[in-house]
Every structure is written in C-alpha cells, then in structure tokens.
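Take a look at the letters that make up each chain.
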Amino acid sequence: MAKDLLTDLQCRNATTQGKKLVKLSDGDGLYLWVYEDGRKYWRLRYWVDGKEKGLSLGVYPAISLKAARKRRDDENTHLHAGRDPSRERQAEKLRRQVSAANTFEAVAREWYGKQKNGWVKHHADDVLRRLEKNLFPILGKRPIDEIESFELLVAVQKIEARGATDLAHRVLGVAGQVFRYGILPPQRCKRDLAADLRGALTPHKKKHQAAVKPEELPELMRAIATYDEKIGDRQTRLALELLALTFTRTNELIGAEWSEIDIESGVWIVPAERMKMKAEHIVPLSRQTKAIF
C-alpha cells in the first residue's frame, strides 16, 4: 500500500490556483478533485482488464479524509477479489429503478387491467374499489418485492377493526391474486404474502339472506304497495314490485336500460356483459310488469 500523501489541512485549503480542475493524489488511486468554484469530490481511480475507470466516493468535507481512505480501502479489497465496484453500482442503481417502477399499485393495476374484461362490470368495480380504498393508501407506493407480511396484515386488520370481517377476507384474497401475478415472469416479487396470513383474520360467519315464507308473501306485497305512501319514494316502490315479479337480481334491475326492454313483445333481455355467467338472460314480462314499466 502506498503512503498517504494528503493532510486534513491540505484538503481544507486546497484551491485550483486559477485552473478549472486540480486532482490531488492521496495514494492507492484516491484523489481529491478540486474545482474552480470551490467544490471538492473524492474519486477512486482504478483499472479493470487494462481499462482505466473512476468511482465517486463522496463530497468533501461531508466525507472526511479519514472516511475517504476507508472507502478507498474497501473498494480496493473488492477489486482484489475480482469485483468491479462501478459495475456493481450500476447494477444496484438499475435494480432500484426497476423496484421503484414495480410498486404494489403498478403491479395491481396491471393485473386488474388483464382481469377486468372477464368480469361483469359491478364485480370489476368492486375489486378496483377494494384496492383503491384499502390497499393502495398503505401499500401502493411500496416496491412489491420489499413489502413484508406484517404490512399486508396491518392493511387488512384496519378493515377487520371496522367490523367488516367479510371485506377483510375479500381484500386479502385480492392482495393474494396480485402477489401471485407478481411472481410470474418477469417476477416482480418472490412469494404470495397473503398465504403467510392464513388464519390471521377472524373467521367470517356467513349469513343467509332473509327468506320470505309463502304465508308471508301477501303481507309483503301489501307493504310494498303502500311503500310510497309511508316513505314517499314511488320509484323504490316500483322497483320492489319489479323485483318480485321478474325474480331478477337487484344489480340487474338497477343497471337496466330502456334499450333492453321491449314492452310490445313482452320481453326484457339482460345482455351477457351484465350477467355474472356472461350469458344473455331473457326475462318474460307479465301484464303487471309491463304496466309498471
């Protein structure tokens, strides 16, 4: 190892003496580059395969002479082991750039874009809403390969704390699909973190929708018939009557358009894109149903 050449006093008082750049050597490839405007940078000069290369070691005086020498010695150790510090820095910079571009939100939106065309609109809207309201605020900006299981757990436990246990499980399921998509080439992450959280949430107890017994039907229909008199909402009363007469789902009725309904022929055709099974649904219209429409 060559003898160190510089002193703290020399570094502190160094000027270019009218030149644009002066390079002061400290031995073993370490230089202090002094610019005309007073800026001072530590640089390491080295050779790989007969080619000269340079590596920045920091700014003086933020990086002291002692610290610069320590960095020089560390990098020279790498060089003696056959490693190129400049190439390693470039690779690390590229890795950080790729990681920053592959945030959880970016990967999730990419996954969503490929899946939504196979879903009915209301389901696609539900999935996107779950991502935007529950996961993106907490995990959205994090590189997907750097997220830890506990971070995902925090996100879903916030939902669980509101008493929405079913939604918490659904959001965890969506997160799992995003992570599994991220594992696929070009592999933005290495594993499905949602799988690590099995059993971490309170089990959701499913409740069956309340059913109307046959003997209760007349009273229900009478209640619907007087709904707008008591509540003052005629449109809701008409919708309830239509649901009872057509046996359609609520979403199918809410999303209905006049172009789907042929009063004269007595048929309502719900298009395939609005149906869960992606098949056109034909609803015959009774005399009472046509009157309500």
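Conventions used here
- Residues numbered from 1 in each chain as written.
- Predicted model: local features only at pLDDT ≥ 70, side-chain atom pairs only at ≥ 80, totals over all residues.
- Heavy atoms only, no water.
- Phe/Tyr/Trp six-rings, centres within 6.5 Å; stacked < 30°, edge-to-face > 60°.
- Buried < 20%, exposed > 50% of the residue type's maximum accessible area, 1.4 Å probe, protein only.
- Helix = DSSP H or I, 4+ residues; strand = E, 2+ residues; numbered from the N terminus.
- Lys NZ or Arg CZ within 6 Å of the ring centre and 35° of its normal.
- Pairing = 2+ DSSP bridges.
- Salt bridge = Lys/Arg side-chain N within 4 Å of Asp/Glu carboxyl O.
- Expected span 1.5 Å × (residues − 1).
- Arc of directions from axis to C-beta.
- Contact = heavy atoms within 4.5 Å.
- Polar contact = N/O pair within 3.5 Å; in protein donor to acceptor, adjacent residues only side chain to side chain.

So, the packing of aromatic side chains: which residues are in play, and what are the values?
Under the counting rule described, the total for this entry stands at eight aromatic pairs. Ring geometry for Tyr35 and Tyr41: centres 5.8 Å apart, planes at 85 degrees, overall edge-to-face. Among the residues examined, Tyr41 registers a relative accessible area of 27% and is labelled partly exposed. For the pair Phe104 and Phe179, a centre-to-centre distance of 5.6 Å together with 50 degrees between the ring planes defines the contact as tilted. Highlighted residues: Phe104 in helix α4 (residues 104-115) and Phe179 in helix α7 (residues 165-183), separated in sequence by 75 residues. Side by side, Phe104 and Phe179 carry an identical accessibility label, which is buried. Here the aromatic residues Phe104, Phe136 and Phe179 are joined through ring pairs into a cluster of three or more. Here the guanidinium or amino end of Arg43 rests over the ring plane of Trp33, the centre of that ring lying 5.1 Å away.

I'd like to hear about the sheet that holds strand β6 (residues 267-270), residue by residue, with values.
Two orientations exist for strands paired in a sheet by backbone hydrogen bonds: parallel and antiparallel. Within the open sheet, the three strands sit side by side as β5-β6-β7. Their pairing is antiparallel. Unpaired on one side and paired on the other, β5 (261-262) and β7 (281-284) mark the two borders of the sheet. Relative to β7, β6 runs antiparallel, the two being bridged by four bridges. When the sheet's bridge partners are listed, Val267 is paired in β7 with Pro284.

Give me the pattern of salt bridges: which residues, what numbers.
Applying the stated criterion across every chain yields a total of 21 salt bridges. Note that Glu110 is salt-bridged to Arg188, the shortest N-O span being 3.0 Å. A residue pair is termed long-range when its members are at least 10 positions apart, and Glu110 in helix α4 and Arg188 in the loop between α7 and α8 (193-196) qualify at 78 residues. When its relative accessible area of 10% is taken as the criterion, Arg188 is described as buried. Linking Arg180 and Asp192 is a salt bridge whose minimum nitrogen-to-oxygen distance equals 2.9 Å. Of this pair, Arg180 sits in helix α7 while Asp192 sits in the loop between α7 and α8; the two residues are twelve residues apart in sequence, bridging distant segments of the chain. Note on Asp192: relative accessible area 12%, which makes it buried. If you follow the salt bridges from partner to partner, you end up with Asp26, Arg69, Arg72 and Asp73 in one network.

Just give me the short version of helix α11 (residues 234-246), but keep the residues and values in it.
The α-helix winds at 3.6 residues per turn, so residues separated by three or four positions along the chain end up facing the same way. For α11, which comprises 13 residues, the first-to-last C-alpha distance of 18 Å matches the rise-based estimate of 18 Å (1.5 Å per residue) to within 8%. Among the residues of α11, Arg237, Leu238, Glu241, Leu242 and Thr246 are the ones counted as buried. End-on view of α11: buried residues confined to an arc of 150 degrees, all on one side of the axis. Check the buried side of α11 and you find it contacts α9 (217-225), α10 (227-231), α12 (250-254), β6, β7 and α13 (287-292). Taking the backbone nitrogen of Gln235 as reference, a side-chain oxygen 3.3 Å away marks Asp233 as the first, capping residue of α11.

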